[in-house]
Amino acid sequence: MNASLNSIRYRTLAGTVLTQFALGSVYTWSLFNAQLSHKLSEPVSQVAFAFGLLSLALAVASSLAGKLQERFGVRKVAIGAGLLLGLGFYLTSQASNLVMLYLCAGLLVGFADGAGYLMTLSNCVKWFPERKGLISACAIGAYGLGSLGFKFINLALLSRFSLEATFKLWGLIAMAMVLAGALLMTDAPKQAAAAQTQGSRDFTLAESMRQPQYWMLAMMFLTVCMSGLYVIGVAKDIGESFVHLPALTAANAVAVIAVANLSGRLVLGILSDKMPRIRVITLAQIAALAGMLTLLFAPLNATLFFAAIACIAFSFGGTITVYPSLVSDFFGLNNLTKNYGVIYLGFGIGSIVGSIVASLFGGFLATFHLILALLIVSLLFSLIIRQPGAAKAAEENFHAEPHLGKA
């Protein structure tokens, strides 16, 4: 690769990391629930539902981003996402009722975040076909660090300004970072995306969805997202009501999850360049399974509780880091944004299914048992799945050399 092209791809990486950091700021939403509840005179649970809508809109937008990139290019779509993100936070600052909050903070901010997230990540991975796992770890790690960095930024803003002003400033900062990142990005050329493993090929979305492997991967992704998002969302409550920990002790779950989540992104992302990615997913599933079995069947104390949620958060962080590269292994790099986009809907579905099951069937245990069953099925899938066309290629090679068959 010549120096000019190498410079472009590293600028794209820098822009992607900057953009991902800003987009990850939405995961500080819980900092605002109490004040929004007071402002709108609504229960915290109903205010917090805005984040569920945000996650769902994020996943839907991610599934559509490939089409937008094809038409307008990564830079223009990222600029649009940044402007929409700033507008969403500005309108959120003006929200005077739940419906407006759901539309602005939920749907608008979520759509803007999703439009930028998966598209910029996939484009960056295409620039580095020889180091897909490491690049995914860098980009998605930045997304995770964004939630940590903006926790301090938003807490500082809240301590000095009103709630309304904080939303406006948050939107302005995030928008500026996304716009700056977008200007550094360039669409990955087809030839950069074409350096794939021998024997693989690019599947269109329609072709991918006709493969049973596609739906096996989708099921595995949905399961890990459900386990991770549900446990992350209610970890403190599990510690208090299920393990009977004091409130201050249970609150440490937030820090444990943050460290384990980031560790999973970095460790499994880097490991995925050194061994088959599907085996990395198997390791992540075993970690989640160990965590869920501990929560369900071990005599829990603080240590076991924190270890269990750490296993689940590690698995979740690692899985969402490795999955873009895994999908490209199975279905090619050139159509990655679209092929992974539909699978990524499992993130949005998983974010709400766990809570729905818990509310319908009486709390944590029902969701835990469902997740346990799905993890067992997913683990079996990861052990038996093969790349599309692998068996057919082996058969063709066998028949191409009939003397070997006779031997």
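Residues numbered from 1 in each chain as written. Predicted model: local features only at pLDDT ≥ 70, side-chain atom pairs only at ≥ 80, totals over all residues. Heavy atoms only, no water.

- The name given to the protein chain in an unreviewed UniProt entry is Oxalate/formate antiport family MFS transporter, with Chromobacterium sinusclupearum as the source organism.

1. Some details on the overall build of the protein chain
- Helix and strand content of the protein chain: 19 helices and zero strands.
- At 22 Å, the protein chain has a C-alpha radius of gyration in line with the 22 Å of a compact globule built from 407 residues.
- By principal-axis analysis of the C-alpha atoms, the protein chain measures approximately 80 × 55 × 30 Å.
- Put simply, the protein chain has 407 residues, and 52% of those count as buried.
- For the protein chain, long-range pairs separated by at least 24 residues make up 84% of all intrachain contacts whose partners lie at least 6 apart in sequence.
- Here the protein chain displays about 17,100 Å² of accessible surface, and carbon together with sulfur accounts for 68% of that area.
- Mean positive and mean negative side-chain charge positions of the protein chain (25 and 15 charges, respectively) differ by 5 Å. (Helix = DSSP H or I, 4+ residues; strand = E, 2+ residues; numbered from the N terminus. Rg over C-alpha atoms; globule rule 2.2 N^0.38 Å. Buried < 20%, exposed > 50% of the residue type's maximum accessible area, 1.4 Å probe, protein only. Contact = heavy atoms within 4.5 Å. Areas by Shrake-Rupley, 256 points an atom, 1.4 Å probe, with all protein chains shown as cover. Lys, Arg positive; Asp, Glu negative; His and termini not counted. Charge placed at Lys NZ, Arg CZ, Asp CG, Glu CD.)

2. Some thoughts on the pattern of salt bridges
- A complete count under the given rule lists seven salt bridges for this structure.
- Measuring nitrogen to oxygen at the nearest pair gives 3.1 Å for the salt bridge that ties R9 to E130. Placement of R9 in helix α1 (residues 3-23) and of E130 in the loop between α5 (98-127) and α6 (132-160) is noted, with a sequence separation of 121 residues between them.
- Look at R9 and you get buried, because its relative accessible area is 7%.
- Among the ionic pairs, R131 bridges to E130, the shortest N-O distance being 3.5 Å.
- Residue classification places E130 among the partly exposed positions, given a relative accessible area of 44%.
- One salt-bridge network, in which partners are shared between bridges, spans K132, D273, R277 and D329. (Salt bridge = Lys/Arg side-chain N within 4 Å of Asp/Glu carboxyl O.)

3. Regarding the packing of aromatic side chains
- Summed over all chains, the structure comprises 26 aromatic pairs.
- On the basis of an interplanar angle of 75 degrees and a centroid distance of 5.8 Å, the ring pair of F221 and Y340 is categorised as edge-to-face. Of this pair, F221 sits in helix α10 (residues 212-242) while Y340 sits in helix α15 (residues 336-343), placing them 119 residues apart in sequence.
- With a relative accessible area of 0%, F221 lands in the buried category.
- Taking 5.4 Å as the distance between ring centres and 45 degrees as the angle between the ring planes, the aromatic pair formed by F305 and F306 counts as tilted.
- For F305, a relative accessible area of 0% gives the class buried.
- Residue classification places F306 among the buried positions, given a relative accessible area of 16%. (Phe/Tyr/Trp six-rings, centres within 6.5 Å; stacked < 30°, edge-to-face > 60°.)

4. Points about the packing of α6 against helix α12 (residues 253-271)
- Close contact between α6 and α12 brings their axes to 8 Å; oriented N to C, the two are set at 170 degrees. Relative to α12, the element α6 lies roughly antiparallel. Contact residues: α6 offers G133, L134, A137, I140, G141, Y143, G144 and L145, while α12 offers L262, R265, L266, G269 and I270.
- The residue makeup of the contact of α6 with α12, split by class, is eight nonpolar, four polar and one charged. (Axes fitted to C-alpha atoms, helices over the stretch in contact; angles between N-to-C directions. Parallel < 35°, antiparallel > 145°, perpendicular 65-115°, else oblique. Nonpolar A, V, L, I, M, F, W, Y, C, P; charged D, E, K, R; others polar.)

5. Some details on α10
- With 31 residues, α10 ought to run about 45 Å at 1.5 Å a step, yet its terminal C-alpha atoms sit only 39 Å apart, falling short of that.
- Of all bends in α10, the biggest is about 65 degrees, found at V234.
- Positive backbone phi, approximately 65 degrees, marks H244, located one or two places after α10. (Expected span 1.5 Å × (residues − 1). Bend = angle between axes of the 7 residues up to and from the residue.)

6. Concerning the environment of T19
- Looking at where T19 falls in the secondary structure, it is placed in helix α1.
- T19 gets classed as buried once you look at its relative accessible area, which sits at 1%.
- Along the primary structure T19 and T120 are separated by 101 residues, whereas in three dimensions their C-alpha atoms are 8.1 Å apart.
- Leave out the neighbours within four places in its chain, and T19 touches T120, M177, V178, G181, A182 and M185.

7. A short note on the domain arrangement of the protein chain
- For the protein chain, the assigned domains are domain 1 (1-188) and domain 2 (203-388).
- Each of domain 1 and domain 2 has a C-alpha centre, and these two points are 22 Å apart.
- On the side of domain 2, 29 residues touch domain 1, which itself brings 33 residues to the contact.
- Summing both sides of the interface, domain 1 and domain 2 together bury roughly 2,400 Å²; the carbon and sulfur share of this comes to 68%. (Domains from an automatic or database assignment. Buried area = accessible area lost by both parts, 1.4 Å probe.)

8. Looking at the environment of A95
- In this structure, A95 sits in the loop between α4 (74-93) and α5.
- Residue A95 is classed as buried on the basis of its relative accessible area of 2%.
- Residues A95 and A105, spaced ten residues apart in sequence, show a C-alpha to C-alpha distance of 8.9 Å.
- The contact partners of A95, leaving out residues within four places of it in the chain, are K39, L40, M100 and L101.

9. Here we look at helix α7 (residues 163-184)
- In a regular helix each residue adds 1.5 Å, so 22 residues correspond to 32 Å; α7 covers 32 Å between its end C-alpha atoms and thus fits that length.
- Buried residues along α7 sit against α1, α2 (33-40), α4 and α6.

10. Looking at unusual backbone geometry
- Positive phi outside glycine occurs at S41, with the angle close to 55 degrees.
- Among the secondary structure elements, S41 is positioned in the loop between α2 and α3 (44-72).
- The exposure class of S41 is exposed, given its relative accessible area of 62%.
- Phi at H244 takes a positive value of approximately 65 degrees, unusual for a residue other than glycine.
- Tracing the backbone through its elements, the reader meets H244 in the loop between α10 and α11 (247-250).

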